2 protein chains.
Amino acid sequence: MSYSPKRIAILGSTGSVGRQALEIIAADESLSVVGLSAGANWKLLAEQAKTFDADAVAIADPEAAKELISILSEGTDLLTGPESMNDLIWQVEPDMVLTAVVGSAGLGPTLTAIKCGADLAIANKESLVMAGAIIMPAARKAGINVLPVDSEHSAIFQCLIGHEHKDVHRVTLTASGGPFRNKTLDQVEHASLDDVLKHPTWKMGRKISVDSATMMNKALEIIETHHLFDLPTHRIEVVIHPESIVHACVEFFDGSVLAQLSRPAMTTPIAIALSYPQRPAHPSAPLLDLAETGALHFEEADTQRYPALELGYEVVRRGGTAGAILNAANETAVEAFMSGRIEFGQIVGIVEKVLTETPIKTEIDLETILATDNEVRQRTEEIVIGN
Amino acid sequence: MSYSPKRIAILGSTGSVGRQALEIIAADESLSVVGLSAGANWKLLAEQAKTFDADAVAIADPEAAKELISILSEGTDLLTGPESMNDLIWQVEPDMVLTAVVGSAGLGPTLTAIKCGADLAIANKESLVMAGAIIMPAARKAGINVLPVDSEHSAIFQCLIGHEHKDVHRVTLTASGGPFRNKTLDQVEHASLDDVLKHPTWKMGRKISVDSATMMNKALEIIETHHLFDLPTHRIEVVIHPESIVHACVEFFDGSVLAQLSRPAMTTPIAIALSYPQRPAHPSAPLLDLAETGALHFEEADTQRYPALELGYEVVRRGGTAGAILNAANETAVEAFMSGRIEFGQIVGIVEKVLTETPIKTEIDLETILATDNEVRQRTEEIVIGN
């Protein structure tokens, strides 16, 4: 059988998820690369564009663009500037866009991909947290697939294939508990960035490592789960699972639970999103040996002990701009911690303060979301400075 | 929305699975009972027929039939004799037949259900072990659904819904390890029937409790898995899982594993088979709380330590009448143990001896299978007596 490979654009191709996605594509002839984007790493971007014979690349930083142009292969177009990711999508018209950029920068291109009719593989969780209520209806209207790349949401997605939404009693997201699982936030109030980056099971970027230690990452995932799978808060639970082997469970009303398991590596969820609805073998996906694993442990995720979790539920209940507020406050507070301006133990408190004090708008569009994002960052910065 | 309830016939309605099925049907208005059968328990059968307003009942024992006729409600027909289960199916023309009888007696009615165009909910594992190679092609040809009721096969079935056979790398059946998990067969050679019936997680009938202790139950399940899901031996694994919460896993080539979990109770798999493709709430299905469960353990199922397992694989590799030989030898040997004529530790050795010594026919039909069953029972009985 002969067929055209799926044409993929990767936004954030020089980051951890982007690089793993390219490894998967390199080993799978049913997948091809048509566009790539990066923030500033022009050297790696040029190399990737050459290896994968990309039609076009986008780089946000104009200085990096100047370096890039001199070494870019002929036949690969270069786009630059703040709108370059959107321009890239319109130019290459991919079958699928993988959004692997970090932070609120991913939101605009996510909406552009939908407008362009491309399927979405979403690794940029901030876009869903900020604007899931815009993205999901737009995706449904456009008839495109939204494939989650986050391991927990990929797990829910896989457990739901072939099953009906109306039969879902609840979904359970697992949380490793992060590096401070056996400590309270009080005990780790003065934890250093080095301590935070020592994650027991996952190798991740810095921002998500901090979110994992505060449990804010799971709060964001509660919000994503709500949007991706159209579930209210009482159908979304979190359980601590230190081994990070079971990524999520779906319990049906008949008492049966489906769970998705794999070794804690992003390869599997990335591959599944890129190849959907196919499930080809991926040589780099590590196999799971349950007997070798020995035991899987589960404990309650106490919202008293992990106050960030409660913020996730609160955002779902309030809706509107609440997700954008939480996300902007958290990104700003995490940044302040990473640059040594606040203590680790202050992050969640600052986010909670901002979420409580900021008026929530219920009618939302992209403009409102971006304006909220901007205002909340300033407001959070003021709190950090006044601290 | 108004619709006709699914019309179900239960073969073996007075046994453990039959009674649980009736509880589920009583609580679900989308399910109804049209026919019931029992071996000899005429009192309970009459009660069930009245409660569920069955069109007809079948009872094999003519003496029991005489008692039954006097108390059976008007409007419920009575069938008796060795062919009464087949007659029942032809008479009531059900949408689904639940085969919950124990042993080889279930094979004929299973084939009758297929001829009659009824979906099958199979709790009678012997029929698949003996004649899966006849049942499955006949079911495919007739276009009927075959729903496994065994918890492990229900788990595989559920994990495969919406997924493709070609993407399956392997399935893993879990085994609790039975009451003698930390002992070798040598150590439990002289175990009593009482010891054997003390199963740690499942409450089951006597024959299956013995099979669970010898691990022959898992050998039978390997053979069932092969037939139900068309998988060769190298795609079927067994892992010891003492908690009996994870019932089976399906691993795909992309490295992802789906597992089905539920508390060790037959309610869930029975309900799923009866209601398929719907998944209504079943009030009697116990919910799973992973945090309360605490830990799930897994260890290798060593075929050296559990020689019965290897017999399961051997039967799949050899095909033909091998399944009928294994099943007849095992039923006879278990019977001999339960009546105190052989030691617990002799069961597997006798079955192995019979399987090794009996010529296997590769061309099979129902007649050959039943003749083999008969011959092997005699041959096994001779070994038991000569012992």
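Just so you know, these numbers come straight off a predicted model, no measurement behind them.

Draft legend 1. Fine view of the pairing of strand β8 (residues 168-175) of chain A. Residue and element names in this part refer to chain A. Burial analysis of β8 places eight of its eight residues in the buried class, the great majority of the element. Bridging between β8 and strand β10 (residues 246-252) involves five bridges; their strand directions are antiparallel. Note that in β10 the partner of Leu173 across the bridge is Ala248. Alignment of β8 against strand β9 (residues 236-240), held across five bridges, turns out to be parallel. For Thr172, the partnering residue across the bridge sits in β9 and is Glu237.

Draft legend 2. Geometry of the sheet that holds strand β1 (residues 6-11) of chain A. Residues and elements named next belong to chain A. Reading across the sheet, the seven strands line up as β4-β3-β2-β1-β5-β6-β7 and stay open at both edges, with parallel pairing between neighbours. At either margin of the open sheet sits one strand with a lone partner, and together these are β4 (77-80) and β7 (146-148). Taken over all neighbouring pairs, the strand axes of this sheet differ in orientation by 20 degrees on average, direction set aside. Relative to strand β5 (residues 96-99), β1 runs parallel, the two sharing four bridges. By the bridge assignment for β5, Ile10 is matched with Leu98. Docked against the sheet, helix α5 (residues 107-115) engages β1, β5 and β6 (119-122), running at close to 155 degrees with respect to β6.

Draft legend 3. Structural detail: the interface of chain A and chain B. Tallying the contact residues gives 43 residues for chain A and 43 residues for chain B. Interface area, chain A with chain B, both sides summed: about 3600 Å², of which 57% is carbon and sulfur. Contact with chain B buries surface across chain A, with Asp254(A), Arg279(A) and Phe298(A) losing the most and accounting together for 20% of the total. At the boundary of chain A with chain B, the tally comes to two salt bridges. Arg279(B) is paired through a salt bridge with Asp254(A); the nearest N and O atoms lie 2.9 Å apart. Our enumeration of links across chain A and chain B arrives at 19 residue pairs in polar contact (both at pLDDT 80 or more).

Draft legend 4. The arrangement of the pairing of strand β11 (residues 257-261) of chain B in detail. Within β11(B), five of the five residues are buried, leaving the element largely enclosed by the surrounding structure. Of the two faces of β11(B), both are covered, the one formed by Val257(B), Ala259(B) and Leu261(B) as well as the one formed by Leu258(B) and Gln260(B). Here five bridges tie strand β11 (residues 257-261) of chain A to β11(B), and the two strands are oriented antiparallel to one another. Note on β11(B): the bridge partner recorded for Leu261(A) is Val257(B). Pairing of strand β10 (residues 246-252) of chain B with β11(B), which is carried by five bridges, proceeds in the antiparallel orientation. Note on β11(B): the bridge partner recorded for Glu251(B) is Val257(B).

Draft legend 5. Broad picture of unusual backbone geometry. The omega torsion across Tyr276(A) and Pro277(A) is 5 degrees, close enough to zero to call that bond cis. Unusually for a residue other than glycine, Glu93(A) sits at a positive phi of about 40 degrees. With respect to the helices and strands, the residue Glu93(A) is situated in the loop between α4 (84-92) and β5. Unusually for a residue other than glycine, Asp53(B) sits at a positive phi of about 50 degrees.

Draft legend 6. The arrangement of the environment of Asn374(A) in detail. All names here are of chain A. Within the secondary structure, Asn374 sits in helix α16 (residues 366-385). Exposure remark for Asn374: the relative accessible area of 44% places this residue in the partly exposed category. Taking the C-alpha atoms as reference points, Asn374 and Ala324, separated by 50 residues in sequence, lie 9.6 Å from one another.

Draft legend 7. Highlighting the packing of helix α14 (residues 322-338) of chain B against helix α15 (residues 347-357) of chain B. Residues and elements named next belong to chain B. Packing of α14 against α15 leaves a shortest axis separation of 9 Å and a crossing angle of 145 degrees. For the element pair α14 and α15, the recorded crossing hand is right-handed. In this structure, α14 contributes Ala322, Ile325, Leu326, Ala329, Asn330, Ala333, Val334 and Phe337 to the contact, and α15 contributes Ile347, Ile350, Val351, Val354 and Leu355. When its residues are assigned to classes, the contact of α14 with α15 shows twelve nonpolar, one polar and no charged.

Draft legend 8. Expanded view of the packing of helix α15 (residues 347-357) of chain A against α16(A). All names here are of chain A. Two numbers describe how α15 lies on α16: the axes approach to 10 Å, and their chain directions differ by 130 degrees. In terms of axis orientation, α15 runs oblique to α16. Every pair of crossing elements has a handedness; the one defined by α15 and α16 is right-handed. Here Ile350, Lys353, Val354 and Glu357 of α15 lie close against α16, whose contacting residues are Val376, Arg379, Thr380, Ile383 and Val384. Looking at the contact of α15 with α16, its residues break down into five nonpolar, one polar and three charged.

Draft legend 9. Spatial organisation of the sheet that holds β11(B). Pairing is mixed in the open sheet, where ten strands are placed in the order β13(A)-β9(A)-β8(A)-β10(A)-β11(A)-β11(B)-β10(B)-β8(B)-β9(B)-β13(B). The open sheet is flanked by β13 (299-300) of chain A together with β13 (299-300) of chain B, the only strands paired with a single partner. On top of the sheet, helix α7 (residues 151-160) of chain A reaches β8, β10 and β11 of chain A together with β11 of chain B; it is set at about 35 degrees to β10(A), its chief contact.

Draft legend 10. View of the relation of the copies chain A and chain B. Rotating chain A by 180 degrees and translating it 0.0 Å along the rotation axis places it on chain B, where the RMSD comes to 0.0 Å. What we have between these two chains is a two-fold relation. When each C-alpha of chain A is compared by its distance to the rotation axis, Gly162(A) comes out closest, at 2.0 Å. Taken as a fraction of all interface residues of chain A, those also at the interface in chain B reach 100%, which identifies the copy contact as same-surface.

Draft legend 11. Structural view of the nonpolar core. Ranked by size, the top nonpolar core spans 254 residues in total, and within it Leu274(A), Phe344(A), Leu274(B) and Phe344(B) carry the most contacts. The contacts of Leu274(A), once residues within four sequence positions are left out, are Lys6(A), Ile8(A), Ala21(A), Ile24(A), Ile25(A), Leu31(A), Met96(A) and Leu98(A). Listed in part, the 22 residues of the second largest apolar core include Ile245(A), Leu288(A), Leu296(A) and Ile245(B).

Draft legend 12. Representation of the packing of aromatic side chains. Scanning the model with the defined rule gives six aromatic pairs over all chains in all. Where Phe157(A) meets Tyr276(A), the ring centres are 5.2 Å apart and the plane angle is 70 degrees; that geometry is what we call edge-to-face. Separated by 119 residues along the polypeptide, Phe157(A) in helix α7 and Tyr276(A) in the loop between α11 (267-275) and α12 (290-293) bring together distant segments of the chain. Judged by relative accessible area, which is 17%, Phe157(A) ranks as buried. For Tyr276(A), a relative accessible area of 25% puts it in the partly exposed group. Positioned over the ring face of Phe252(B) is Arg279(A), at 4.2 Å from the centre of the ring.

Draft legend 13. Structural detail: the pattern of salt bridges. The tally for this structure, following the rule as stated, stands at 45 salt bridges over all chains. Two residues, Asp373(A) and Arg377(A), come together in a salt bridge whose shortest N-O distance is 3.0 Å. A residue pair is termed a helical-turn pair when its members lie 3 or 4 positions apart in one helix, as Asp373(A) and Arg377(A) do in helix α16 at four residues. Notably, a salt bridge pairs Asp211(B) with Lys207(B), separated by 2.8 Å at the nearest N-O pair. In this pair, Asp211(B) and Lys207(B) both sit in helix α9 (residues 206-214), four residues apart, roughly one turn of the helix.

Draft legend 14. Representation of the domain arrangement of chain A within the structure. Residues and elements named next belong to chain A. Domain annotation of chain A identifies domain 1 (6-148), domain 2 (151-265 + 282-304) and domain 3 (319-387). Placing the centre of domain 2 and that of domain 3 at their C-alpha centroids yields a distance of 24 Å. Taken together, the 18 residues of domain 2 in the interface contact twelve residues of domain 3. The contact between domain 2 and domain 3 buries some 1400 Å² in all, and 77% of this surface belongs to carbon and sulfur atoms. Our enumeration of links across domain 2 and domain 3 arrives at zero salt bridges. In this assembly, domain 2 and domain 3 are joined by four residue pairs in polar contact (both at pLDDT 80 or more). Mapped by element, the contributors of at least two residues to the side of domain 2 that touches domain 3 are α8 (193-197), α9 (206-214) and α10 (216-229). Tallying contributions element by element places α9 first for the side of domain 2 that touches domain 3, with six residues.

Rules behind the numbers
- Residues numbered from 1 in each chain as written.
- Chains lettered and ligands numbered in written order.
- Predicted model: local features only at pLDDT ≥ 70, side-chain atom pairs only at ≥ 80, totals over all residues.
- Heavy atoms only, no water.
- Buried < 20%, exposed > 50% of the residue type's maximum accessible area, 1.4 Å probe, protein only.
- Helix = DSSP H or I, 4+ residues; strand = E, 2+ residues; numbered from the N terminus.
- Pairing = 2+ DSSP bridges.
- Axes fitted to C-alpha atoms, helices over the stretch in contact; angles between N-to-C directions.
- Contact = heavy atoms within 4.5 Å.
- Buried area = accessible area lost by both parts, 1.4 Å probe.
- Salt bridge = Lys/Arg side-chain N within 4 Å of Asp/Glu carboxyl O.
- Polar contact = N/O pair within 3.5 Å; in protein donor to acceptor, adjacent residues only side chain to side chain.
- Left-handed = near helix turned anticlockwise from the far one by under 90°.
- Nonpolar A, V, L, I, M, F, W, Y, C, P; charged D, E, K, R; others polar.
- Parallel < 35°, antiparallel > 145°, perpendicular 65-115°, else oblique.
- Least-squares fit on C-alpha atoms with pLDDT ≥ 70 in both.
- Core = buried A, V, L, I, M, F, W, Y, C linked by side-chain atoms within 4.5 Å.
- Phe/Tyr/Trp six-rings, centres within 6.5 Å; stacked < 30°, edge-to-face > 60°.
- Lys NZ or Arg CZ within 6 Å of the ring centre and 35° of its normal.
- Domains from an automatic or database assignment.

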